[in-house]
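# Report on the structure
Below are the chains, spelled out letter by letter.
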Amino acid sequence: MNEDTLTNLVARGLVDKIIHLFNKYLGTQLKIRNEKRVLPYISKKRVMEDLDISDGTLDNWEKHGLNRYKPRYKTSLIYYLIDDICKFIIIDT
């Protein structure tokens, strides 16, 4: 097998992986955006379930600029803007 063929195989594999990840991203984004919501917010728990990510991933996103929203009354609930989460799906993958 010559080097040109090997390069083409590797490039094709990378392109296939990128297409797969992009389709996964689109599916996730559509799932989050297409739900009928009254407010543009999503709970931390729901983000972790829908995106299958950990608490540590969300902490990392917050360190890189993701804003969290908390009600003014004393509670442990945390929310995020759906559009902000969609931006971080692109950045983190």
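Look a little higher up for the structure.
Residues numbered from 1 in each chain as written. Predicted model: local features only at pLDDT ≥ 70, side-chain atom pairs only at ≥ 80, totals over all residues. Heavy atoms only, no water.

## Details of the overall build of the protein
Check the secondary structure of the protein and you find four helices and two strands. Traced from its N-terminal end to its C-terminal end, the protein shows the element sequence α-β-α-α-β-α. Scored against the burial criterion, the 93 residues of the protein give a buried share of 22%. In the protein, of all internal contacts separated by at least 6 residues, the share reaching a separation of at least 24 is 48%. Within the structure as shown, the protein displays about 7,200 Å² of accessible surface, and the carbon and sulfur contribution to it stands at 56%. (Helix = DSSP H or I, 4+ residues; strand = E, 2+ residues; numbered from the N terminus. Buried < 20%, exposed > 50% of the residue type's maximum accessible area, 1.4 Å probe, protein only. Contact = heavy atoms within 4.5 Å. Areas by Shrake-Rupley, 256 points an atom, 1.4 Å probe, with all protein chains shown as cover.)

## Here we look at the packing of aromatic side chains
This structure, assessed with the given rule, holds one aromatic pair. With a centroid separation of 5.4 Å and 65 degrees between ring planes, the pair formed by Tyr-41 and Tyr-69 is classed as edge-to-face. You can see Tyr-41 sitting in strand 1 (residues 41-43) and its partner Tyr-69 sitting in the loop between helix 3 (55-63) and strand 2 (79-81), a full 28 residues away along the chain. (Phe/Tyr/Trp six-rings, centres within 6.5 Å; stacked < 30°, edge-to-face > 60°.)

## Details of helix 3
Here helix 3 starts with a cap whose side-chain oxygen sits 3.3 Å from the backbone nitrogen of Gly-56, and that cap is Ser-54. Phi turns positive, to about 115 degrees, at Gly-65, one or two residues after helix 3. (Polar contact = N/O pair within 3.5 Å; in protein donor to acceptor, adjacent residues only side chain to side chain.)

## Section: the nonpolar core
Val-47, Leu-58, Trp-61, Leu-66, Tyr-80 and Ile-85 are the most contacted members of the largest nonpolar core, which totals 14 residues. Of all elements in the fold, only helix 2 (44-51), helix 3 and helix 4 (82-92) reach the threshold of two or more residues within this core. Considering every element that reaches this core, the biggest residue donor is helix 4, with five residues. (Core = buried A, V, L, I, M, F, W, Y, C linked by side-chain atoms within 4.5 Å.)

## Brief notes about the pattern of salt bridges
Should their charged atoms come close, side chains of opposite charge can pair. Scanning the model with the defined rule gives three salt bridges in all. Across the pair Lys-44 and Asp-55 runs a salt bridge, and its minimum N-O distance is 2.6 Å. Of this pair, Lys-44 sits in helix 2 while Asp-55 sits in helix 3, placing them eleven residues apart in sequence. (Salt bridge = Lys/Arg side-chain N within 4 Å of Asp/Glu carboxyl O.)

## Some points on a nonpolar patch on the surface
On the surface, a nonpolar cluster with roughly 280 Å² of combined accessible area is contributed by Leu-6, Val-10 and Leu-14. Looking at the element boundaries, Val-10 is found in helix 1 (residues 3-33). For Val-10, a relative accessible area of 47% corresponds to the partly exposed category. (Patch = residues over 30% accessible without salt bridge, like charges linked within 9 Å, V, L, I, M, F, W, Y side chains within 5 Å.)

## Re the packing of helix 2 against helix 3
At a closest axis distance of 10 Å, the pairing of helix 2 and helix 3 adopts a crossing angle of 110 degrees. As summarised for this structure, helix 2 and helix 3 are arranged roughly perpendicular, according to the angle between their axes. Taken as a pair, helix 2 and helix 3 cross one another with a handedness that is right-handed. Here Lys-44, Val-47, Met-48 and Leu-51 of helix 2 lie close against helix 3, whose contacting residues are Asp-55, Leu-58, Asp-59 and Trp-61. The residue inventory of the contact of helix 2 with helix 3, partitioned by class, reads five nonpolar, no polar and three charged. (Axes fitted to C-alpha atoms, helices over the stretch in contact; angles between N-to-C directions. Parallel < 35°, antiparallel > 145°, perpendicular 65-115°, else oblique. Left-handed = near helix turned anticlockwise from the far one by under 90°. Nonpolar A, V, L, I, M, F, W, Y, C, P; charged D, E, K, R; others polar.)

Treat this as a map of the structure, not an account of what it does.
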